[in-house]
Amino acid sequence: MNNTVKSTKGAEKIEINSIRWFRIISQFELQSMVWPGLIFLFVFAYIPMYGILIAFKDYDMFLGVTGSPWVGFDHFVEFFFDPNFFRVMRNTLAINGLNLIIGFPAPIIFALLLNEISTMKFKRFVQTISYLPHFVSWVVFGGLILTILSPSNGILNYLLMQLGLISEPINFIGDANNFWYILVSGEVLKGLGWGAIIYIAAISGVDQEMYEAATIDGAGRLQKMWYVTLPSIMGTVVIMLIFAISAILNTGFEQILVLQNPLNLDTSETIDTYVYKTGIQQMRYSYSTAVGVAKSIVAVLLLLSANYFSKKITNQGLF
Amino acid sequence: MRKMRNLMIMLLILALFTMLMAACSGGNDNSDSMVGKNETKQEEETAGNVDTKKPIKIKWFVAADWYSKQWDAENVLVDKMVTDATGITVEFSTGNEEKLSAMIASGSIPDVVTVWNIAPQRKIMEKSGLVVPLDELIAKYTPDFKVPQSIKEWYGDENGHFYGLPNFFYAKEQMQEGIDTLATHIDMVARKDIMEQVGIRAEDFKTKQGTIDALKKVKEAGIKYNGFNIIPSYFDHHNLTEFFGASPESKDGNWQDTIRTPESLEAFKYLNQLYREGLLPQDSLTLTDEQKVEKVAAGSVFAKTGSLLKWEALYANDKNAVYVPVGPIKGDAGNEFNFTPSPLSGWMLSMIGRDSKYQDRIVQLFEYLSTDEMSLNIFYGPKGVAWDYDEDGRVKLSEQRIKDFEADPDAAKRKYGNDTFGWLLNWVPIKRTWPAPSNEFEKLQVEHDKYFEQFAYDDLAFEATTVQGGTTEAGIEAKVKDYRAKMTAKIILAKNEAEVEKLFQEMPAQEDKLGYQQLFDYKNKAFQEVKTKLGIKFAWPSNQ
């Protein structure tokens, strides 16, 4: 019994494969259009991977990639057994964890709320205003944050003092305990409108008849949001979540460098900034590459497992 | 349908443009190679018959991506002067050090390459033979060209060759005793207007207690400037350690880290005391230099260390708000002042490529540019037009030049080309003949520099301890630096002196975990080697 099932399955597979090949050959001209894309991907994404070799070598510019001596896993060992490894890893995970908890749902909620605004003009206005911070560079945006939080002439301290909530100005950015929250709120504020675009697009694709049907069934606004809109955009949400999880070892870079100072180094040093300082700035390309490779491997594993679980639970995934 | 048509038209226009662009650049390529061919032909014809003024074009790469210069011998006076004298037109290209690495990897570099002397690319080019030993070229083409011995020694390799000429090198044999001084960034200044207001003298800052009393006076007077409360001080650990006389060389002649010395602890304790008494704000540790300069410009800082915190902007608004030299504070041990000067070993090194056809002409160009007067010409513009010597032998800028710069500084700079070709510039003659101050601000600057330069010492041997990029030690140093930045902040903000001591004692152990010993060995080895090369036993003045 089992055998027959297997064999029919095999036969099906072969059949599907032959159909595919047939299609490729019969539509040769049309299918050829994908080649430039494939070649592009191969040249710019696959050939450079050859450079990964230097993660296992003591790269010397003059000896080149092939000529440099092999050192095995030395650079990986240096990174993983660095006395600062634990701290740097903790900060990276904490910042991204917070980002996942606060920064991920925020644009979704924002998009849902925006969808409920019925005045077109006002909706556009709100959307434009919320996009704007995305186009301001982090150097400027970070400068704004620093100015607002400044203990000597910042507006926040002034407000709190005037309201009588504090008696002495607080150096917010000088306290290591605040850094994660300042950073994540800054990121949310800056990325809220931009991040919502994809969800707004997804919402606009929801079939209007479903809302009509829901209205006839007596659903209120919140119920429509919960039972119609949200499930309809779930596919997009899941895909975005998988991406976010796979990027958990990447923290933004400029924003941290801008907000970092000696007093908050304990909580503000992440993998990216640490490797920038100890690797790239010191022209230690092998070491930097090794850390990059290690991060990529973790990212791929996270991506695959997130995808696997998402498929199990929600039946939706990337592949 | 109409939309489709519009789209098609757009695409067509785009395609046309692309073709046009391609055609243009193609054309350029052709003309370039034509010129090249002609030149080689001429070269062959005149071989054996050296014409030192024949117009040639050399390619010069500068590994500094901010640099941009278009050689224009018709309109720019400095360029005209050089081209007229040597027949050479320079075609500059620039980029970062990675771009130079790519050139090295391709095995072909331009006629001249200028690179930061501590960049690893420099050593690679020397070892690979991509650049020609300058001593050999000099012996062959310009036997009268005298390069200071100290440059030859400093940049020389094991085989006795040296490969390039630096700019901003302080050659000992060119320094005139009692006239030439070393520049330094170590300083301590205070606002004169406020000092007068509350009755403080510059001498009060010569002791630790005196400084504290002075700062307290300012704080208690509750002075406001432009509506801001005056910040008593922006002092930093680095400057104070130098004031207290921390030695970078131990008594037995080994290199030592000044941050680990007793003087460093003393500086930490002092800064901590200032912080606890409200005389040093917390943000002195968190602000960047640019942000501090803003505070200085707003007029809200009374006293500060480190001359990189400029105050021109403040002076422009208020002619009374001037900073004058005070202190420096003497430490408990009463060590004499020996301040680290601005780097003496130079900045950028210019080298001649192995494949250059014009090696003879380039050495001649180097010789031409290496005179004292040429440094002045490059820096100010040609003598006679831009400047001349006054009766004291100082530089006096011409009326025309002053007028031009007042009218439009950008246009004037384009006209004179001053300070745009300083790759072989020697600062010693420029400093020696510095124009007499023409306004109050310049006068103050001169007085300030003179005051602190008397303490600067020849630290050449210590400059050899700079770690080469790309090495493991460079990584360790970055980690140690990062850790020290964090600890410095923590120590200065400590609750009491006992905690300062405790945190200070913790540092070495943690640094050892980061691999400090390896870094130390690297630096000490370089230090010992260079001392042998320089023929000295001790490098620190108090040890000598």
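Keep in mind the model is a prediction, meaning the values are calculated, not measured.

Asks: Which residues make up the overall build of chain A, and what are the values?
Replies: The helix and strand inventory of chain A stands at 18 helices and zero strands. Its C-alpha radius of gyration of 26 Å places chain A more than 25% over the 20 Å reference for a compact globule of 319 residues. Along the first, second and third principal axes, the C-alpha set of chain A runs to 80 × 75 × 40 Å. Within chain A, the fraction of its 319 residues that count as buried is 38%. Sequence separation of at least 24 residues holds for 63% of the intrachain contacts in chain A that already meet a minimum separation of 6. A total accessible area of about 19,200 Å² is found for chain A, and carbon and sulfur atoms account for 70% of it. Distance between charge centroids for chain A: 7 Å, based on 19 positive and 20 negative side chains.

Asks: Explain the nonpolar core to me, and be specific about the residues and the numbers.
Replies: What tends to happen in soluble globular proteins is that the nonpolar side chains get buried as a cluster. Residues Ile58(B), Trp60(B), Phe302(B), Phe366(B) and Phe421(B) are the most contacted members of the largest nonpolar core, which totals 152 residues. No other element matches helix 20 (residues 472-492) of chain B, which puts eight residues into this core. Taken together, domain 2 (55-181 + 345-433) and domain 3 (188-338 + 459-543) of chain B each give at least three residues to this core, which thus spans both. When neighbours within four sequence positions are excluded, Phe366(B) is seen to be in contact with Trp60(B), Val112(B), Leu134(B), Phe145(B), Leu165(B), Ser350(B), Ile352(B) and Leu424(B). Judged by nonpolar contacts, the second largest core, of 21 residues, contains Ala106(A), Phe141(A), Ile145(A) and Val184(A).

Asks: Please set out the sheet that holds strand 5 (residues 188-191) of chain B residue by residue, giving values where relevant.
Replies: Residue and element names in this part refer to chain B. Read from one edge of the open sheet, four strands run 8-9-5-10, paired in mixed fashion. Pairing within the sheet leaves two strands with one partner each, and these edge strands are strand 8 (231-234) and strand 10 (323-325). Taken pair by pair, the neighbouring strands of this sheet meet at an average axis angle of 20 degrees, ignoring direction.

How each quantity is defined
- Residues numbered from 1 in each chain as written.
- Chains lettered and ligands numbered in written order.
- Predicted model: local features only at pLDDT ≥ 70, side-chain atom pairs only at ≥ 80, totals over all residues.
- Heavy atoms only, no water.
- Helix = DSSP H or I, 4+ residues; strand = E, 2+ residues; numbered from the N terminus.
- Rg over C-alpha atoms; globule rule 2.2 N^0.38 Å.
- Buried < 20%, exposed > 50% of the residue type's maximum accessible area, 1.4 Å probe, protein only.
- Contact = heavy atoms within 4.5 Å.
- Areas by Shrake-Rupley, 256 points an atom, 1.4 Å probe, with all protein chains shown as cover.
- Lys, Arg positive; Asp, Glu negative; His and termini not counted.
- Charge placed at Lys NZ, Arg CZ, Asp CG, Glu CD.
- Core = buried A, V, L, I, M, F, W, Y, C linked by side-chain atoms within 4.5 Å.
- Domains from an automatic or database assignment.
- Pairing = 2+ DSSP bridges.
- Axes fitted to C-alpha atoms, helices over the stretch in contact; angles between N-to-C directions.

Interpretation in functional terms is not warranted from these geometric data alone.
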